[in-house]
Amino acid sequence: MRRLLAALVLPPLLTGALAACGDAEEARSAMTVRVLVRDINIRPEGVECAGTGPYTHFHNRAPFQVIDAAGHTLAEGALSPGTSVATFAEDLEVTRVPTYCEFAVPVDVAARDAYRLVVDGHPPITLTPNRSEGPALVAVVPS
């Protein structure tokens, strides 16, 4: 009787244990999602900013998701405030210059062949891996 009980109960338990091993958490890497919103606004460099015009959905606390090519969410959160960066490298000798608004948020993501960023439900933006300033996924909007 014990053998019969063991034969009936043990296989489902082993199957469940093996399946649990297959669902193990994937290794994740710390990266920064960096998005440069080319809104060409006139403002001082280095101040807090948000996207303007058609990019108003880029702002402090806007919800975002980093997704893979299949649409699976790899990371999510809220954008931090943007910071204005000069559009031109040359010194224009004025306090207010043409700028873009740059957003940078830390994420932990599993390795994938492709990454995309969804901000506040808008269409996905392709992110490109870049290591010039540490591990990052970057995009320029509009591309």
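Heads up: the structure comes first, above all this text.
Here is a short report on the structure shown in this document. Numbers given to residues run from 1 along each chain, matching the order in which its sequence is written. Note on the predicted model: pLDDT of at least 70 is required for a residue's local features to be given, and 80 or more for side-chain atom pairs to be given and counted; whole-chain, interface and lining totals, by contrast, use all residues. To get the side-chain values, all heavy atoms of the structure are used, and hydrogens and water are removed first.

We now examine the state of the cysteines. Cysteine sulfur atoms are paired as a disulfide whenever they come within 2.5 Å of each other. What the rule picks out here adds up to one disulfide. The disulfide that involves Cys-49 links it to Cys-101, with 2.1 Å between the sulfurs. Every disulfide takes its handedness from the sign of the S-S torsion; for Cys-49 and Cys-101 that torsion is 100°, giving right-handed. Linking Cys-49 in strand β2 (residues 48–49) with Cys-101 in strand β6 (residues 96–110), this pair joins segments that are 52 residues apart in sequence. Comparing Cys-49 with Cys-101, the two get one shared label, buried. Numbered from the N terminus, helices here are DSSP runs of H or I no shorter than four residues, and strands are runs of E no shorter than two. To sort residues, take the accessible area from a 1.4 Å probe on protein chains only and compare it with the maximum for the residue type: under 20% means buried, over 50% means exposed, and anything in between is partly exposed.

Attention now moves to the sheet that holds β6. Strands sit in the order β2-β5-β6-β1-β9-β8-β7-β3-β4 across an open sheet of nine strands; the sheet is mixed. With one partner strand each, in any of the chains shown, β2 and β4 (73–78) form the two edges of the open sheet. The pairing criterion for strands is at least two bridges between them, as found by DSSP. Here two bridges tie β2 to strand β5 (residues 82–86), and the two strands are oriented antiparallel to one another. The partner of Glu-48 across the bridge, within β5, is Thr-83.

In plain words, nonpolar cores are sets of buried Ala, Val, Leu, Ile, Met, Phe, Trp, Tyr and Cys residues tied together by side-chain atoms within 4.5 Å. Core analysis: the largest hydrophobic core is formed by 26 residues, its most contacted members being Val-33, Phe-58, Val-66 and Val-109. Ranked by residues supplied to this core, first place goes to β6 with five residues. When sequence neighbours within four positions are dropped, the list of residues in contact with Phe-58 reads Val-35, Val-37, Ala-50, Gly-51, Leu-79, Phe-103, Val-119, Ile-125 and Val-141. Contacts between residues were defined by any pair of non-hydrogen atoms, one from each residue, lying within 4.5 Å.

The next subject is unusual backbone geometry. A cis amide bond, omega -10°, links Val-141 with the succeeding residue Pro-142. Looking at the secondary structure, you find Pro-142 in the segment after β9 (136–141). For Arg-61, which is not a glycine, the phi torsion comes out positive at approximately 75°. A positive phi angle, near 60°, is found at Glu-93, a position not held by glycine.

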